[in-house]
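# Close look at the chain arrangement
The primary structure of each chain is shown beneath.
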Amino acid sequence: FPGSTIGNLSHQASIQLLKNVVNILGEGGGMLIGVDLVKDEKILLAAYDDSKGVTAEFNKNVLFRMNNELGANFNLEKFKHRALYNENETRVELYLESLANQTVRIGETDIHFLAGEMIHTENSHKYTTGHFARLVAQAGFGVEEVWTDEKRYFSVQYLTAS
């Protein structure tokens, strides 16, 4: 199972998703999942605010899609990608920051942005192995095995439904 799904959800939504998986698998069923681990803030921010602008382009795509699919009129040049690390929540938060006072129209609705105002677009939670074990236990899983890369940036974990 791709861990990025769990990472993008709130903890409560992750628990609910995992409870649903436990119900599907039944007792003793197994699940292999990737889990992004907590690491140094500099490493995280370099990944989510990369020098080639790949993540910025991905983040701004939400505005592009609203323009194309909802008839909005966002000027993508008037928004800047921002990646911030929230240490208390152990997550990277992605935002689009308005670079000017502006008004955007979506359908019949005008939305006013002040310069510096931010749209929160995504969360990407990071876990310690202990925190993840406690999270999955709330859903009815036990951690059977954990494999990590040499730097302990990422893990693959085998869970069993109990």
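Before reading on, note that the structure itself is shown above.
Because the structure is a prediction, the values reported are computed rather than measured. Per chain, residue numbering runs from 1 following the sequence as it is written. The predicted origin of the model limits local features to residues at a pLDDT of at least 70 and limits the giving and counting of side-chain atom pairs to 80 or more, whereas totals for whole chains, interfaces and linings rest on all residues. Excluded from the side-chain calculation are hydrogens and water; included are all heavy atoms of the structure.

## Thoughts on a nonpolar patch on the surface
The line we're drawing: A patch consists of residues whose relative accessible area exceeds 30% and which take part in no salt bridge; residues with like charges are grouped when within 9 Å of each other, and nonpolar side chains (Val, Leu, Ile, Met, Phe, Trp, Tyr) when within 5 Å. In short, Shrake-Rupley with a 1.4 Å probe defines the accessible areas, and a residue's cover is counted only from the protein chains shown. A side-chain nitrogen of Lys or Arg and a carboxyl oxygen of Asp or Glu constitute a salt bridge if their distance falls within 4 Å. Helix and strand definitions here come from DSSP, where helices need a minimum of 4 consecutive H or I residues and strands a minimum of 2 consecutive E residues; each element is numbered from the N-terminal end. Here's how the labels work: a residue is buried when its accessible area is under 20% of the maximum for its type, exposed when over 50%, partly exposed in between, all with a 1.4 Å probe on protein chains only.
A contiguous nonpolar patch, built from Leu 32, Trp 147 and Tyr 158 and spanning about 300 Å² of accessible area, is present on the exposed surface. Among the structural elements, Leu 32 can be located in strand S1 (residues 30-36). Among the residues examined, Leu 32 registers a relative accessible area of 45% and is labelled partly exposed.

## Overview of the sheet that holds strand S3 (residues 91-98)
Heads up, the rule is: Pairing between two strands requires that DSSP report at least two bridges joining them. Angles shown run from 0 to 180 degrees and are taken between the N-to-C directions of axes, each axis being a line fitted to C-alpha atoms and, for helices, limited to the stretch in contact. Here, residues are in contact when the closest pair of their heavy atoms is within 4.5 Å.
Within the open sheet, the 3 strands sit side by side as S2-S3-S6. Their pairing is antiparallel. The open sheet has two free edges, formed respectively by strand S2 (79-86) and strand S6 (118-125), since each of these has just one partner strand. Across the sheet, the mean angle separating the axes of adjacent strands is 20 degrees when strand polarity is ignored. Here S2 runs beside S3; their pairing, made up of 8 bridges, is antiparallel. In the sheet register, Tyr 85 faces S3, and the bridge partner there is Val 92. The strands touched by helix H3 (residues 41-48) within the sheet are S2, S3 and S6, with S2 carrying the most contacts at an inclination of about 155 degrees. Contacts from helix H4 (residues 54-70) reach S2, S3 and S6, with the element oriented near 60 degrees to S3.

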